[in-house]
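What the coordinates show
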Amino acid sequence: MSLKTLPDLIPDVELNLPREVERTLPNGLTVIAIRRSAVPLVEVRLRIPFGRAPLAPATLLSQALFTGTSTMSSIEIAAELQAVGGSLAASLDPDRLMVSGNALADGLGRTLEILAGVLTDATYPEEETVTERERLVDHIQVALTQPAHLARVALLKRMYGTHTYAVQTPEPDQIRLVEPTGLRELHADRVRPEGAVLVLVGDIDPEQAIDVAEKVLGSWTGPARDGVVPPTPDLSTGPLLLVDRPGSVQSSLRLALPGITRTDPDYAALSLANLVFGGYFSSRWTENIREDKGYTYGSYSGIEHFVAGSAWVATAEVATEVTGPSLLETVYELGRIASLPPGEEELEQARRYALGTLRLGMSTQSGLAGLASMYAAFGLRLDHLREHSAALTAATRDEVFAAAAKYLAPSRAVTVVLGDADKIEGQLSALTAVERSTE
């Protein structure tokens, strides 16, 4: 659909947010419960502060968390969860250990009992832990063959230097050294309720659900360890970093710029500027290097948020022979949006997309639980969605242009390209200073 045929923008209505009921338990765990009765399920999201935890043990712990307790094997845990129509799984990001899952609403109590057993009594049995360790090593080794992963690794190191965020995936050899004893020690030291947030969303009575959580999880105790991550360093511009991948038929382009937090007054305007540039399929960047020139199957830009800082990141995989032209068009589009206001119609299209995806994201129990949990991890509540929606609606062309000029100027970007260096270095050197990676 072309811009000229877009229907008039329907006047935005205020978000109808469900009521959040919140209670901080005596052990320091915050529980947030939200009634959403679309289906007879309940979504469970738990985030535990894990900043600065040793990377390899923490990564394996997240994969082996449900391998068993002193009273239940991993098979018995899975069977008990299935009996109440539920499942639970753990994952890790640079700031948090996360547990997510769901169950039938009338199985919430049993689901939380199983979760409590794992949080307070995980044993990391030898055989199951070794199996998870081998599986994790295999997963990382596969990732190390993928150009997108390698480009991400190089970009993080280039962005963050010696900061803890610079390395987010452990090496296979580091994982192989982790023993069950080490996981038990890390669990006892870091899997604690103080500062953790449990979100429950579904066909529940919020007050009763929190009562159940308090009764079941009250035995989980322990003060939080100091996991405060220092602020991320300022991005240091410099030569384009070229990472050699001999024989590659594609190049991975990665650009990063300083980002801003969700509470920054410029955030809504920058979000719209990002959409106009490269944040969705109808963006200028996608139109240019995919639809017009056929350089890539897909490109995307967006703002990444960690507890200690935010960054704007753009990614694209392009054919080797057009690596230089692709970078040229990328810098051109960044320069264009940073120096000229967006058109009225393209801004309204981006605004409509932003408001629509915001509503779509909270339209299901799972989506609402994810949003509530994610916001809570940054000290925010769902009311922030109403504020953000209003800010998106109100942002003017001049404000979006000002945000783009302030935050998206290509001269401030950190650039990493992974590909066959012998074939692409000349293309890139014609555009900018290039430095080959020595790692």
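This text goes with the structure placed above it.
Each chain has its residues counted from 1, running along the sequence as written. It should be noted that, the model being predicted, local features are given only for residues of pLDDT at least 70 and side-chain atom pairs only at 80 or more, the latter also being counted only at that level, while totals for whole chains, interfaces and linings use all residues. Hydrogens and water molecules were not included; the side-chain quantities draw on all heavy atoms of the structure.

The next point concerns the sheet that holds strand E10 (residues 309-319). Sheets are built from strands that pair by backbone hydrogen bonding, the pairs being arranged parallel or antiparallel. DSSP bridges decide pairing: two strands pair if at least two such bridges lie between them. Under the scheme used here, helices are H or I runs from DSSP no shorter than 4 residues and strands are E runs no shorter than 2 residues, and both carry numbers assigned from the N terminus. Overall, mixed pairing links the six strands, which are arranged E9-E10-E8-E11-E7-E12 in an open sheet. With one partner strand each, in any of the chains shown, strand E9 (296-306) and strand E12 (434-436) form the two edges of the open sheet. Adjacent strand axes in the sheet meet at a mean angle of 20° when their direction is disregarded. As defined by bridge partners, strand E7 (residues 240-244) adjoins strand E11 (residues 414-419) across four bridges and the pair is classed as parallel. Note that in E11 the partner of Asp 244 across the bridge is Gly 419. It only takes one pair of heavy atoms within 4.5 Å for two residues to be counted as in contact. The angle between two axes is taken between their N-to-C directions and runs from 0 to 180 degrees, where each axis is a line fitted to C-alpha atoms and a helix contributes only its stretch in contact. Contacting E9 and E10, helix H10 (residues 284-292) crosses the sheet at an angle of about 150° to E9.

A pair is scored as a salt bridge if a Lys or Arg side-chain nitrogen falls within 4 Å of a carboxyl oxygen belonging to Asp or Glu. Applying the stated criterion across every chain yields a total of 27 salt bridges. Between Asp 203 and Arg 35 there is a salt bridge, and its shortest N-O distance comes to 3.2 Å. Note that Asp 203 is positioned in the loop between strand E6 (197-202) and helix H8 (206-217) and Arg 35 in strand E2 (residues 30-35), a separation of 168 residues in sequence. Salt bridges here are not isolated pairs; linked through shared partners, they connect Arg 23, Glu 207, Asp 211 and Glu 214.

Within the element layout of this structure, Arg 36 appears in the loop between E2 and strand E3 (41-49). Although Arg 36 is buried, it forms no salt bridge, and the closest oppositely charged side chain is Asp 203 at an N-O distance of 10 Å. For this analysis, a polar contact is any N or O atom pair within 3.5 Å, provided that within protein one partner can donate a hydrogen and the other can accept it, and provided that sequence-adjacent residues contribute only side-chain to side-chain pairs. Side-chain polar atoms of Arg 36 contact the backbone oxygen of Met 362, separated by 3.1 Å. With residues near it in sequence (within four places) discarded, Arg 36 still touches Pro 18, Val 201, Gly 202, Asp 203, Met 362, Ser 363, Thr 364, Gln 365 and Leu 368. Three exposure classes are used, based on accessible area relative to the maximum for each residue type with a 1.4 Å probe and protein chains only: buried under 20%, partly exposed in between, and exposed over 50%. A residue counts as positive if it is Lys or Arg and as negative if it is Asp or Glu; His and the chain ends are not included.

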